[in-house]
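Report on the structure
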Amino acid sequence: EQITWDTASYLVASQEIGLGFIPFETSWESKGPLLFYIYYFLNLLTFKSYVFFRIVNDLIILLISLMIFKISFLKTKKFILSFSPALLYTILVSKEWYVSEFSEIYCILILSIAIYYKEKNNFNSVKLIGFLLSLNSLINQGSILFIIPFLIWIFSNDFSQKKYRNT
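The residue numbering used here restarts from 1 in each chain and proceeds along that chain's sequence as written. Thresholds applied to this predicted model are a pLDDT of at least 70 for local features of residues and 80 or more for the giving and counting of side-chain atom pairs; totals over whole chains, interfaces and linings are not thresholded and use all residues. Side-chain figures throughout are based on the complete set of non-hydrogen atoms in the structure, without hydrogens or water.

In this section: helix H1 (residues 5–18). Using a 1.4 Å probe on the protein chains alone, a residue whose accessible area is under 20% of its type maximum counts as buried, one over 50% counts as exposed, and one in between counts as partly exposed. Helical segments are the DSSP runs of H or I of at least four residues, strand segments are the runs of E of at least two, and each set is numbered from the N terminus. Within H1, the full set of buried residues consists of Thr7, Tyr10, Leu11, Ala13, Ser14 and Ile17. Residue contacts are defined here by distance: any two heavy atoms, one from each residue, within 4.5 Å place the two residues in contact. Among the structural elements, helix H2 (33–45) and helix H3 (50–76) are those in contact with the buried residues of H1.

Encoded structure:
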């Protein structure tokens, strides 16, 4: 098994946090600053072992699959229909060429939590959802592409139900 160029770069950049530097102080990366704190924390948690680091990232994929199941179960109330999208996601990311430690995985986890709270609480926790979406943009700026449809989803529900105050 090989380590990808991106993962090695992020691991090296995250090590500078342990030396007392802030992200981007000594080097530049295209990802958000929160990613390097996540990498640093996970690297400490796994005793700086790349094998354990991969296992922890695979556990994050498992958490995403569980969130997909929970979101689907909220909508359908049927086990098989809820299990299918989670299984499909797991199959797609279980290929040997798939790298589980890309920044998008952390973004998907946070987005799935935000969607779950939106579906479960019907925006009673809108501050938490906003906080999660903000964290997402600090991990990977490309996640804004997913935040924009999420915001349209929020606003369209408020407008259709004439909840202009919420908007």
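On to the packing of H3 against helix H4 (residues 79–92). A pair of packed helices is captured by two measures, namely the crossing angle of their axes and the spacing between those axes. With axes taken as lines fitted to C-alpha atoms, and helix axes fitted only over the stretch in contact, angles between N-to-C directions fall between 0 and 180 degrees. Contact geometry for H3 and H4: axes closest at 8 Å, N-to-C directions at 150°. When the interaxial angle is binned, H3 and H4 end up roughly antiparallel. As for how H3 packs across H4, the hand of that crossing is right-handed. Taken together, the residues of H4 that come into contact with H3 (itself represented by Ile61, Ile64, Ser65, Ile68, Phe69, Ser72, Phe73 and Thr76) are Phe79, Leu81, Ser82, Phe83, Pro85, Ala86, Tyr89 and Thr90. Residue polarity follows a fixed list, in which Ala, Val, Leu, Ile, Met, Phe, Trp, Tyr, Cys and Pro are nonpolar, Asp, Glu, Lys and Arg are charged, and the others, Gly among them, are polar. Its residues assigned to classes, the contact of H3 with H4 shows 11 nonpolar, 5 polar and no charged. Put simply, angles under 35 degrees are roughly parallel, angles over 145 are roughly antiparallel, angles from 65 to 115 are roughly perpendicular, and the rest are oblique. The handedness criterion is simple: a crossing whose near helix is rotated anticlockwise from the far helix by less than a right angle is left-handed, and one whose near helix is rotated clockwise is right-handed.

Okay, helix H6 (residues 126–139) next. Helix span, as expected, comes to 1.5 Å for every residue beyond the first. The end-to-end C-alpha distance of H6 is 20 Å, a good match for the 20 Å that 14 residues give at a rise of 1.5 Å each. Those residues of H6 that fall on the buried side of the exposure criterion are Ile129, Leu132, Leu133, Asn136 and Ile139. Here the buried residues of H6 occupy an arc of 115° about the axis, which is enough to place them on one side. When we speak of the arc, we mean the arc of directions from the helix axis to the C-beta atoms.

Honestly, that's just the spatial picture; any functional story needs more than this.
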